[in-house]
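Notes for the structure review
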Amino acid sequence: MDDGQWRAPGRDDGTPRAEPYAPAGPAGPGGDPYGATRAPSPSVTPSSSAFGTSERHRDRVLSGAGYESPAYRNDRVAVAAMVLGVLGVVVPGLCLFAIALGHLGLHRLRTSYDGGRGLAVAALALGYAMTAVWTGLFLLFLSARTLL
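The notes below deal with the structure included here. (Residues numbered from 1 in each chain as written. Predicted model: local features only at pLDDT ≥ 70, side-chain atom pairs only at ≥ 80, totals over all residues. Heavy atoms only, no water.)

What to know about the environment of tryptophan 134
- With respect to the element layout, tryptophan 134 can be found in helix 4 (residues 117-147).
- The class for tryptophan 134 is partly exposed, based on a relative accessible area of 24%.
- Counting along the chain gives 46 residues from tryptophan 134 to glycine 88, while the straight-line C-alpha distance between them is 9.4 Å.
- Dropping the residues within four chain positions of it, tryptophan 134 is found in contact with Gly88, Val89, Val90, Val91, Pro92 and Cys95.
- Separated by 2.9 Å, the side chain of tryptophan 134 and the backbone oxygen of glycine 88 make a polar contact. (Helix = DSSP H or I, 4+ residues; strand = E, 2+ residues; numbered from the N terminus. Buried < 20%, exposed > 50% of the residue type's maximum accessible area, 1.4 Å probe, protein only. Contact = heavy atoms within 4.5 Å. Polar contact = N/O pair within 3.5 Å; in protein donor to acceptor, adjacent residues only side chain to side chain.)

Structural notes on helix 4
- Compared with an ideal rise of 1.5 Å per residue, which puts 31 residues at 45 Å, helix 4 spans 45 Å between its outermost C-alpha atoms and is within 8% of the ideal.
- Buried residues along helix 4 sit against helix 2 (76-87) and helix 3 (94-109). (Expected span 1.5 Å × (residues − 1).)

Here we look at the packing of helix 2 against helix 3
- Where helix 2 meets helix 3, the axes come as close as 8 Å, and the angle between the chain directions of the two elements is 155°. Between helix 2 and helix 3, the interaxial angle falls into the category roughly antiparallel. You can see that helix 2 and helix 3 cross each other, and the crossing is left-handed. Contacts between helix 2 and helix 3 involve Val77, Ala80, Ala81, Leu84, Gly85 and Leu87 from the former and Leu94, Phe97, Ala98, Leu101, Gly102, Leu104, Gly105 and Arg108 from the latter. (Axes fitted to C-alpha atoms, helices over the stretch in contact; angles between N-to-C directions. Parallel < 35°, antiparallel > 145°, perpendicular 65-115°, else oblique. Left-handed = near helix turned anticlockwise from the far one by under 90°.)

Quick notes on the packing of helix 2 against helix 4
- Their axes nearest at 8 Å, the elements helix 2 and helix 4 cross at an angle of 30°. Classed by the angle they form, the pair helix 2 and helix 4 counts as roughly parallel. Helix 4 is crossed by helix 2, and the crossing has left-handed handedness. Contacts from Ala78, Val79, Ala81, Met82, Gly85 and Val86 of helix 2 reach helix 4 at Leu119, Ala120, Ala122, Ala123 and Leu126.

And the structure:
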């Protein structure tokens, strides 16, 4: 293929090009070329935060040449569930609380933009596993005690 037949996108071959989305006719009321009027949406305000981030992250997200992704936060319940799941390795009763908070964290994360789903799932896995281990050790202790 000859280089004169095909040009890569972005290369200018010197021919003038028409605007791809130029207005077809005179603009109607409100500046819309199709004559529709648009009222500003009452639910969207310039100070509303992007994707549920707090106002302290707004300047960081909306500054610069392009948008940055919002800074995600982990759900506090999911973090607490993970902490209790890890502590449940040492303390027997905390596994049950890790299971309860893990389920609560997953339920809260369904309707939230917060992070922490992996923490909640890991807390559930740790909680169920350690509950089985502690229950097995308790039954082993009871059976060894009755044999003596």
